[in-house]
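Single-letter residue listing:
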Amino acid sequence: MDKSYPKIVLLTGATSGIGAATAKVFAKNGYRLILTGRRMERLEELKQKLEFKYGTKILILGFDVRNQQEVRDVVSSLPDDWSAIDILINNAGLAKGLSPIHEGSYEHWETMIDTNVKGLLYVTREISPGMVSRGRGHIINLCSTAGHEVYPNGNVYAATKFAVDALTKSMRLDLFKHGIRVSQVSPGHVEETEFAVVRFDGDANRAKIYEDFNPLKSKDVADIIYFVASRPVHVNIQDVLVMGTQQAGNNHIDRSGRKYDQKNH
Ligand code: NDP
Ligand code: 8X3
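Residue positions are given per chain, counting from 1 as you read along its sequence in written order. Each chain takes a letter, starting from A, and each ligand takes a number, starting from 1, following the order in which they are written. Local features are withheld for residues below a pLDDT of 70 in this predicted model, meaning they are given only at 70 or higher, and side-chain atom pairs are given and counted only at 80 or more; totals for whole chains, interfaces and linings count all residues. Side-chain measures here rest on the full set of heavy atoms in the structure, leaving out hydrogens and waters.

Draft legend 1. Local environment of the nonpolar core. In terms of nonpolar packing, the biggest core is built from 34 residues, with F26, L35, I89 and I225 touching the most fellow members. Joining through side-chain atoms within 4.5 Å is the link that ties buried Ala, Val, Leu, Ile, Met, Phe, Trp, Tyr and Cys residues into a set, and such a set is a nonpolar core. The cut-offs for exposure are 20% and 50% of the maximum accessible area for each residue type, with area from a 1.4 Å probe on protein chains only; residues under the lower value are buried, those over the upper are exposed, and the others partly exposed. Of all hydrophobic cores here, the second largest spans 28 residues; its members include L59, V117, L120 and V164.

Listed below in structure tokens is the structure:
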């Protein structure tokens, strides 16, 4: 651990799924956390739980990453002792709908583009100048297998994640000379998240997409994000492409029943 310990992590999308699991791993390892999302009551609950369990310091900020002015206001009014962010984890994101291009919903398209691409850009634009001026920092973006390979009806969600992949590569080119690391993690299907429920607008039956195979769990991805963030400062992991054992690509999933349960091995 270097001299600036404990480091400050700003994590977007901490209210559920991969973000909530990531908050837990970093809290356990003694980092100071700025946890963000729109559902303030969830953030309050998480803060209380993690501070009590791990004794770590947590600041919570409720805002919508799509709102450029709100993002600017929130970042510019960070208390002095929370403003030197060491690690930014751009995790907030979502899929909406699963329709062929000729039937897609404009509203779904706007929501995905505004959140996954523009939201990530707004937060990064506000936080990266401080990193540049300090000559240190690490940005970790949540991409997806959908940012590497398209699948039927995944069109606009995939396009946003291909954009995240392009932005990770571009940010790396722009920021490496300032001592800032840029990485991404690209998971396949992950359960213990609200991803499918959000995609299908709360339709619990449609959201049952993990019953016939064993996908990644949110903690699997959180552990990888932590691994990426905790490498020695001379190491920059560019991308981690990771899937459950029963998934070999976006279009290749062994749906013959849930297998490879850790308990049985
Ligand atoms: P969840 O739905 O469980 O979590 C999404 C998080 O994003 C929530 O905390 C939500 O908080 C936040 N969020 C969504 N929209 C906004 C917004 N406009 N402003 C602020 N926060 C927002 O899904 P996951 O944990 O699965 O998703 C996390 C990331 O992982 C996403 O980028 C997703 O694309 C990616 N991913 C997910 C995979 C999966 O299979 N689950 C696989 C590959 C990548 P709130 O609603 O409180 O604002
Ligand atoms: C989430 C995984 O396959 O639903 O990024 O697009 S997938």
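Draft legend 2. Structural context of the site of ligand 1. Definition of nearness: a residue and a molecule or strand are near each other if at least one heavy atom of the residue lies within 4 Å of the molecule or strand. Residues in close proximity to ligand 1 total 29 residues, the closest being T15, S16, R38, Y157 and E194. The definition of a polar contact used here is a pair of N or O atoms within 3.5 Å, where within protein one atom must be able to donate a hydrogen and the other to accept one, and adjacent residues in sequence count solely through side-chain atom pairs. Between R39 and ligand 1, the recorded distance is 2.9 Å, taken from a side-chain N or O atom to an oxygen atom. In the environment of ligand 1, an oxygen atom lies 2.9 Å from a nitrogen or oxygen atom belonging to the backbone of V190. Per-residue and other accessible areas follow the Shrake-Rupley method at a 1.4 Å probe size, with only the shown protein chains counted as cover for residues. When isolated, ligand 1 has an accessible area of 880 Å², and the protein chains bury 97% of it. Those elements giving two or more residues to the shell around ligand 1 turn out to be α1 (17-28) and α5 (155-175). Grouping the amino acids of the shell around ligand 1 by side-chain chemistry returns 11 nonpolar, 12 polar and six charged. Strands are runs of DSSP state E lasting at least two residues, helices are runs of H or I lasting at least four, and both sets are numbered from the N terminus onward. Basically, the charged four are Asp, Glu, Lys and Arg, the nonpolar ten are Ala, Val, Leu, Ile, Met, Phe, Trp, Tyr, Cys and Pro, and anything else, Gly included, counts as polar.

Draft legend 3. Geometry of the pairing of strand β6 (residues 180-187). With eight of eight residues buried, β6 lies mostly within the body of the structure. Every second residue of β6 is oriented toward a common face, with I180, V182, Q184 and S186 on one face and R181, S183, V185 and P187 on the other, all of them buried. If DSSP finds at least two bridges between two strands, the strands pair. Pairing geometry for strand β5 (residues 137-142) and β6, over six bridges, is parallel. Bridge pairing links I140 to S183 in β6. Looking at chain direction, β6 and strand β9 (residues 239-242) are connected through four bridges and run parallel. Bridge assignment links V185 to a residue of β9, and that residue is V240.

Draft legend 4. Geometry of helix α2 (residues 40-54). Between the first and last residue of a helix there are one fewer steps than residues, each counted as 1.5 Å, and that sum is the expected span. For α2, spanning 15 residues, the distance from its first C-alpha to its last is 21 Å, which sits close to the expected 21 Å at 1.5 Å a residue. Among all positions in α2, only L43, L46 and L50 are buried. One side of α2 carries all its buried residues, which in axial view fall inside an arc of 65°. Turned more than 90 degrees away from the buried face of α2, the exposed residues are E41, E45, Q48, K49 and F52. Residues are treated as being in contact if the distance between any of their heavy atoms lies within 4.5 Å. Buried residues in α2 make contact with α1, β2 (32-37) and β3 (58-62). In the segment just after α2, G55 is the residue with positive phi, at about 65°. What the arc describes is the spread of directions from the helix axis to the C-beta atoms.

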